[in-house]
Structure formats: C-alpha cells, structure tokens
Protein chains: 2
Amino acid sequence: MSRMGQLAGPSMQKCSSTARQSEAGRRAQRCRECTVRQNALFVGLSPSELDEIAPAVPDLVVPAGETLYDAETHADALFIVRRGVVKLVNYLPDGSYRIVRLARRTDVLALETLLGEPCDHTAEALTEVEVCRVPISVVRTVMERQAWLSTRMIHHWHLAVQKAHGWLTHYATGGARQRMARLLADLHDECASAESPRPAVELPSRDDVGAILGITKETASRLISDFRRSGLVNKVDARRVEVDRMRLEEIAGSDG
Amino acid sequence: MSRMGQLAGPSMQKCSSTARQSEAGRRAQRCRECTVRQNALFVGLSPSELDEIAPAVPDLVVPAGETLYDAETHADALFIVRRGVVKLVNYLPDGSYRIVRLARRTDVLALETLLGEPCDHTAEALTEVEVCRVPISVVRTVMERQAWLSTRMIHHWHLAVQKAHGWLTHYATGGARQRMARLLADLHDECASAESPRPAVELPSRDDVGAILGITKETASRLISDFRRSGLVNKVDARRVEVDRMRLEEIAGSDG
DNA sequence: CGCCACATTGATTTGGGTCAAGCGACGTGG
DNA sequence: CCACGTCGCTTGACCCAAATCAATGTGGCG
C-alpha cells in the first residue's frame, strides 16, 4: 500500500471564508470565541493580546485521509485540534504501520518542532478535522512575554508521555479481546464527553483498529462481529456503534 | 507476588562519605566534576552557581531491586541517573506488570513532579544505581533565574515521548522473535557507547525481559536459548552475553 | 453496470501461552 | 560441612488464540 497523501497544503481549504469581513478580523473573532482556548495554549492572553496574534494563526479544515505533517518533513508550526480525530502513525520498514496515539479536540500536536527536532511520527486525519496552525514564531513571541506558557507547554508534553504509556498498557497488553474492549470503552468515553445524546462511537477502519491494537484487520473484524453477536455493541450505521460500557469494562479488566 | 520494596529511604546510603570533608564541600566538588552534567539539566550553570545548589542535591546509591519512587507517592524531586539501569514499571490490576521504559546515565526521571502531578509509573533499580536527587525547589529556583532551563527540561520531556513511542513500535510490534532481537540489539548499542571493550550485554531477569516485550518468561527463556544455539548470542557469564549485532539486526527487521 | 475499496467469514497453520517437571546457584541452618 | 529449601532458568508437552491464506459480500462511485 502506498504512503498516500503528501504534506498538507494545496488540498486544505480555509475555514468558511465569508469574504465579507477581513481575514484578520475573522481570525481575531474566532480566537476570542474559541472554546478550546482554556484547555490549550493561550489561556492567559488578554483579548487584545489575542487579537494581536490571531492573524498569524490560520485554521484549516483537513479532509479525512489527508496528512497534517510528516515524520521526515519537520513542520514549522504546532497544531491545535479543534474538531475531529487525528491519528499519529509510525510506519515500519516493512510497510506496515502502527498507530501510537489518537488526538482530538484540545490536543496539541507537533510539539517537537519547538525544539527544532523532527517529529517521530506522521499525523493523518482520521475524520474530517479542523485544526489551528500556530507558527512557532508566534509561540516563541508569546513565550518570551508570558512566562506561564512554558508551564502550559510542559503540561502538553506531560499529556503526550502519559498517553503514550497508557497506550502501551491498554492496547499492547493482554489478549486481543481484552484490548478491543478497552479501545471501545475508551472511544466511548471520549465521545460521551463531546456529545450529550446517547453516545454512538465512531469506529476507525478495520485496518486502523488493527494498527492500534497490534492485530490484523481480520481479527479486528472478527472480534467486532463477535461483540455484536454478544450484544456488546450495536451497529447503528456503517461506521457507528452503540456500546454497552459496563459489560465492555468487565471484559477489559478480566485477568484471563 | 508482593509489591516488594517500599519508598526509597532508609535502605539507601550516601555515596562514599570520606567524612573528612564537609558534606556540602563534597557535593560541590562532585557537581563540578560531574560527567553527566553536559547532557542533563545544569549545563549552563557557572561553577559558583553550581556550588550554590550542590549542597541541596544529594547523590544516592540504590541497590538493585529497590524502589526509587512509586506511582502513588508523588515525589518532591527529580532524579538524574548517573550509573546503572532503572526500570519504569506499570503494575496492572491483575498483579502482572509491564515495563514501559529503561532509564540509564543522563536520563532524568519523575519529570511530572514539577507539574505537581503524580507519576504514572514506579521506578525500580534494575542494577545497582547511582542517582542525584534534585529537589523541585532547586529546579524552580534555577529556572526562575536561568531561562534556558525550561528548554532543557522540555528536551527531556521530548526524550520521554520519543522513547515511549519507540518502545511501542520496537517492543510491542511484530513477532516475539523479532522483538527479542530488537531488544538485544538496543541493549548492545547502549552498552557499547558506555564501555569501550568488546561490549558484553547485561540482560535483565527473564521475567523483566518478558515484561518489556509483553511475552511470558518461558518464551523469553526459549528465545534466548534458541538465539544461543543459533550463535546469535554467546553467554559469557550468568547474566552477560556477547551479541552478533549484524545478524540480530536482520531478524529484527525481517518482515516475517 | 461494473469497478474498487473495504468488511466479513471460513479453513488451516502456527506462534506463543499454560502447566508442569527438572536443574543449577545460592543462602541458611542443623 | 553438608542437607535442605528457595529462587530463577530451562525444557518439554499440550492447547488455544491469532496470523495467514483465500473466498465471498457489500456499499459507493464513475
């Protein structure tokens, strides 16, 4: 299978340009209203400071399947995820791949660019994704003037480490059945916090489920079918399922 | 199996106290001569600044098997590894455990204490280990006066993430044989840089090898025996082996 | 319609887990 | 000093979970 999309760029569109207001003005407003801000980088900025940097921070809509950034090409910006799911992928020499993390709303990606180091992974949109692209120059500027940003940044590093370790113990430990149950339960949790109605989990492709759990697409498919027969999950449409959180948890935690 | 040693403390001894010089003086000299310094936190400090903080930074010798810090008890200090190997362990609800990282010379541990967050793992000495215990108060003090320390710290976070992702793709992906080959090759590399003579790799216990690779101790044992029969490794004493780096690499990278 | 990508299901093989026995090194106590 | 128990390693026999190989199904789209 080929490496699919190249570096993001031409294929990304600007977000809903009403063309009436100036681009800068639009961005300023978008930043002021941003619902992600308190969780992400720029919590401490005053409205006027926000307006100052906003013009340099475009938001992009990335269609599913596109590459945000690449392991080789080192980006010159951070990405803050506002909507959708991004997979961080590690391609192995033999062409197979392993997903090392899923990122969603409020997650900050490509942190390593701040150190001038290349990312050790590739970031691809799993669903349609909306991200803010924050040039490192902007980050550096703010960081010089606002000491708290360093702490904020470190917090995101911390999250990255924590999730990486969790990923290992959750999705690379125990039997396949167990791991699958954990994945579904986790996906449920992340979904549930976002949307209030009865949470229907959006599943990645079987290949991707396999790359998350370190199993083949066939086993992934079989397990999900099996879960469906056991009533653990309930298919609502092609890619969405309702899950029985409680019973999944039992399987996830079972010692056998 | 019981959780073994409690939090470090009584069982650790101060390093070689010649009792002639004052403790503070000893530590100051130790810091000035430190061979780890350029790689770790305090690169940028002048000798006099170093002397200032040195008294607050004890170095400890931790015997193999002891616990440096615990997942629950959140430490109030960072640890810089000067000698030996530390395993970072994640204990699972069913009593089994998984090793999520090995730390050695120049690695900085318990970074999360700087954020006031508990560590998500337990750190145990795999061999006898020598560490510097840097109280967070010291780190904070230096950080206020020296801006570069933040960058330095972030660098170590970066290492932590990088190693975590590498761990996943190296030791939790592919067949057991392949993973074992990768582990031995990696251990070889780390060994080789430290000691110049023909590098003999020091292996962890079979249980620990299992906890690293996500396999049972029996499979670990079988694989190593098998490697020995194939001449891939050569037992020199109870726990040390010479390895055939090249042939291991082949196995590690093979698609099958 | 017919193509293509993806999902499902089956048949078969195999890698690795499990259970169990034997073995050498070490420390402790008689 | 040797007997004994313990602990970690090795090896074998057996079995099951998951990989592999392969066929069929299904939905979307030009």
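Definitions and limits used
Residues numbered from 1 in each chain as written. Chains lettered and ligands numbered in written order. Predicted model: local features only at pLDDT ≥ 70, side-chain atom pairs only at ≥ 80, totals over all residues. Heavy atoms only, no water. Near = heavy atom within 4 Å. Polar contact = N/O pair within 3.5 Å; in protein donor to acceptor, adjacent residues only side chain to side chain. Helix = DSSP H or I, 4+ residues; strand = E, 2+ residues; numbered from the N terminus. Salt bridge = Lys/Arg side-chain N within 4 Å of Asp/Glu carboxyl O. Buried < 20%, exposed > 50% of the residue type's maximum accessible area, 1.4 Å probe, protein only. Pairing = 2+ DSSP bridges. Axes fitted to C-alpha atoms, helices over the stretch in contact; angles between N-to-C directions. Contact = heavy atoms within 4.5 Å. Least-squares fit on C-alpha atoms with pLDDT ≥ 70 in both.

(A) Expanded view of the protein's contact with DNA strand D. Ala176(A), Thr219(A), Arg222(A), Arg206(B) and Ser225(B) are the nearest of the 17 residues found near DNA strand D. In this structure, Arg239(B) approaches DNA strand D through a side-chain N or O atom, which is 3.3 Å from a phosphate oxygen. At the level of secondary structure, the elements contributing two or more residues to the surface near DNA strand D comprise helix 7 (217-229) of chain A together with helix 7 (217-229) of chain B. When residues of the surface near DNA strand D are assigned to their parent elements, the largest contribution, six residues, is made by helix 7 of chain B.

(B) Just the pattern of salt bridges, in detail. In total, this model carries 28 salt bridges over all chains according to the counting rule given. Residues Asp244(A) and Arg247(A) are paired through a salt bridge, measuring 3.9 Å at the closest nitrogen-oxygen approach. Residue Asp244(A) is classed as partly exposed on the basis of its relative accessible area, which comes to 24%. With its nearest N and O atoms 3.3 Å apart, the salt bridge here joins Asp107(B) to Arg101(B). We note that Asp107(B), like Arg101(B), is buried.

(C) Summary view of unusual backbone geometry. Residues and elements named next belong to chain A. One non-glycine residue, Ala110, adopts positive backbone phi at about 65°. Tracing the chain through its elements places Ala110 in the loop between strand 7 (108-109) and strand 8 (122-125). Since its relative accessible area comes to 3%, Ala110 is described here as buried.

(D) Molecular detail of the sheet that holds strand 3 (residues 67-69) of chain A. Pairing in this open sheet of four strands is antiparallel, and the strands run 3-8-5-6 (chain A) from one edge to the other. The sheet is open, and its two edges are formed by strand 3 and strand 6 (97-103) of chain A, each paired on a single side. Across the sheet, the axes of successive neighbouring strands diverge by a mean angle of 35°, strand direction being ignored. In this sheet, strand 8 of chain A lies alongside strand 3 of chain A in antiparallel orientation, the contact comprising two bridges. Looking at strand 8 of chain A, one finds that Tyr69(A) is bridged to Ala123(A). Helix-sheet contacts for helix 4 (residues 148-171) of chain B involve strand 5 (86-91) and strand 6 of chain A, and the interaxial angle to strand 6 of chain A is about 145°.

(E) Spatial organisation of the pairing of strand 12 (residues 240-243) of chain A. Residue and element names in this part refer to chain A. Burial along strand 12 is one-sided: the face carrying Val241 and Val243 is buried and the face carrying Arg240 and Glu242 is not. Here three bridges tie strand 10 (residues 200-202) to strand 12, and the two strands are oriented antiparallel to one another. Considered in strand 12, the bridge of Glu202 is made with Arg240. Note that strand 11 (residues 233-235) and strand 12 share three bridges and pair antiparallel. Looking across to strand 12, one finds that Asn234 is bridged to Glu242. Connecting the antiparallel pair strand 11 and strand 12 is a turn made up of four residues.

(F) Fine view of the side chain of Arg101(A). All names here are of chain A. If you trace the backbone, Arg101 turns up in strand 6. Since its relative accessible area comes to 8%, Arg101 is described here as buried. Excluding residues within four positions of it along the chain, Arg101 makes contact with Val86, Lys87, Leu88, Asp107, Leu109, Ala160, Lys163 and Trp167.

(G) Representation of the relation of the copies chain A and chain B within the structure. With an RMSD of 0.1 Å, chain A superimposes on chain B once it is rotated by 179° and translated 0.0 Å along the axis. Here the copies are linked by what is in effect a two-fold axis. Considering only C-alpha atoms, the residue of chain A closest to the rotation axis is Val161(A), which sits at 2.5 Å. Take the interface residues of chain A: 100% of them recur as interface residues in chain B, which is what a same-surface contact looks like.

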